[in-house]
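The primary structure of each chain is shown beneath.
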Amino acid sequence: MLWPLYVNRTIVIRKRMRASVEAVSEIISNGELYMELQPFVIKMEQDHSKPRSYMFIERVPSPLGCGKLLNAYEVTFSPPVEAADGQGVNMWGRMIFTFVSPKFRSSLRVKETEEAGVVEVVEILVIEIMRVMTSLMTRMRNQPRLDQTLSLGLGWFLSLSLSSLCPNSTKSTMLWPLYIDRTIVIRRRIRASLAAVAEFTSDGEKYMRLQPFVMKMQEDTSNPCLYRVLERVPAPFGLWEMDNSFELVFSQPVEDEGGRGIDMSGQMDAKIVAPKVKSTVRVRETEEPGVVEVVEILSIQVLIFMASYVAGLIERAHKDLLSRLAERVEANASS
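Residues numbered from 1 in each chain as written. Predicted model: local features only at pLDDT ≥ 70, side-chain atom pairs only at ≥ 80, totals over all residues. Heavy atoms only, no water.

Caption draft 1: Here's a closer look at unusual backbone geometry. If you check the backbone angles, Arg52 has positive phi at about 60 degrees while not being a glycine. Residue placement: Arg52 occurs in the loop between strand S2 (41–47) and strand S3 (53–61). The partly exposed category is assigned to Arg52, whose relative accessible area is 39%. (Helix = DSSP H or I, 4+ residues; strand = E, 2+ residues; numbered from the N terminus. Buried < 20%, exposed > 50% of the residue type's maximum accessible area, 1.4 Å probe, protein only.)

What follows is the structure, given as structure tokens:
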């Protein structure tokens, strides 16, 4: 246990079924085949850069039952295992939003029982989870049948939900007691021309690539205004670094009374932490010749007990972004 943030939970699932060890082992010794039976999985994609590693996306009921939400995680499967406790496979992985659950692991085995023609499947899951999330985010569900021949119901735990608890809630300032709206205003004066700075502030991809935590941006081929962003950010108290991912939609370049720039809106994959994020970026002339001012206004809806951490992290990232922008255009202007 990583006090005071995390606690380890162990979940043991047992299921007896009338079938042969070989028939059941054919499925549970193949991690991909086994996970295809998980009823919430909507997409499974192999990571060809790592042997036996997969990315899963699932749609699960929210903890309070007021909607459905998306969850994503990485899993690595061992080769088939045959040990004293039976035949099967081992799995380990992490949530995409590692702050909520840094790691989990599972051992899955099938073995004969004292009853002829009946075997028992045992899955032991060990999960490291943020202490405040344990009551909301660990629940059990039974799998549907493997198929009509085996009449097999395999158990699996309801994955840690990383999405809004009530996605259709009102847009009020506070969704009591869970969410609060925070507004962050960042200003930066830059000695450069309006056109030079607007080249960045009017191009969402070019602008966001200056954000210091961003590791990867990928355009959605079906929607050129939509991007998937992966970043690595410091965890609370600077204990380690973790991955975070989110979607952003960029507007077309905007020119209004606030200046020239772009609007952005999006949401984290971990929607339970921050269901909505939006930003307006504008650059305009100032009273000082040769100096322009960039103003970014960020609005976030954030889980109330994580508001200080999330808002502070976003403010830090975008202040650094504007510092990088200033360095880039001022260096170009002087060269």
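Back to the text.
Caption draft 2: Inspection of the environment of Pro289 at higher detail. Mapped onto the elements, Pro289 comes out in the loop between strand S18 (276–285) and strand S19 (292–303). Along the chain, Pro289 and Ser193 lie 96 residues apart, while their C-alpha atoms are 9.5 Å from each other.

Caption draft 3: Structural context of the side chain of Ser106. Tracing the sequence through the fold places Ser106 in strand S7 (residues 103–112). Looking at Ser106, its side chain comes within polar contact range of the side chain of Glu123, at 2.7 Å. Dropping the residues within four chain positions of it, Ser106 is found in contact with Val89, Asn90, Met91, Glu123, Ile124 and Leu125. (Polar contact = N/O pair within 3.5 Å; in protein donor to acceptor, adjacent residues only side chain to side chain. Contact = heavy atoms within 4.5 Å.)

Caption draft 4: Quick look at the pairing of strand S6 (residues 86–95). Bridge count between strand S4 (residues 68–77) and S6: five bridges; the pairing is antiparallel. Looking at the pairing, Thr76 lines up with Trp92 of S6. Here strand S5 (residues 81–83) pairs with S6 via three bridges, running antiparallel. Looking at the pairing, Glu82 lines up with Gln87 of S6. (Pairing = 2+ DSSP bridges.)

Caption draft 5: Looking closely at the packing of aromatic side chains. Counting across every chain of the model gives six aromatic pairs. Seen in terms of ring centroids, Phe56 and Tyr73 are 5.5 Å apart; in terms of plane orientation they differ by 20 degrees. Their pairing is stacked. With Phe56 in strand S3 and Tyr73 in strand S4, the pair connects residues that are 17 residues apart, well separated along the chain. Looking at Phe56, the relative accessible area reads 0%, which means it is buried. We classify Tyr73 as buried; its relative accessible area is 2%. Taken together, a centroid distance of 6.0 Å and an interplanar angle of 75 degrees make the contact between Tyr73 and Phe104 edge-to-face. Of this pair, Tyr73 sits in strand S4 while Phe104 sits in strand S7, placing them 31 residues apart in sequence. When the ring centre of Phe200 is taken as origin, the NZ or CZ atom of Lys206, which lies over that ring, is 5.4 Å away. (Phe/Tyr/Trp six-rings, centres within 6.5 Å; stacked < 30°, edge-to-face > 60°. Lys NZ or Arg CZ within 6 Å of the ring centre and 35° of its normal.)

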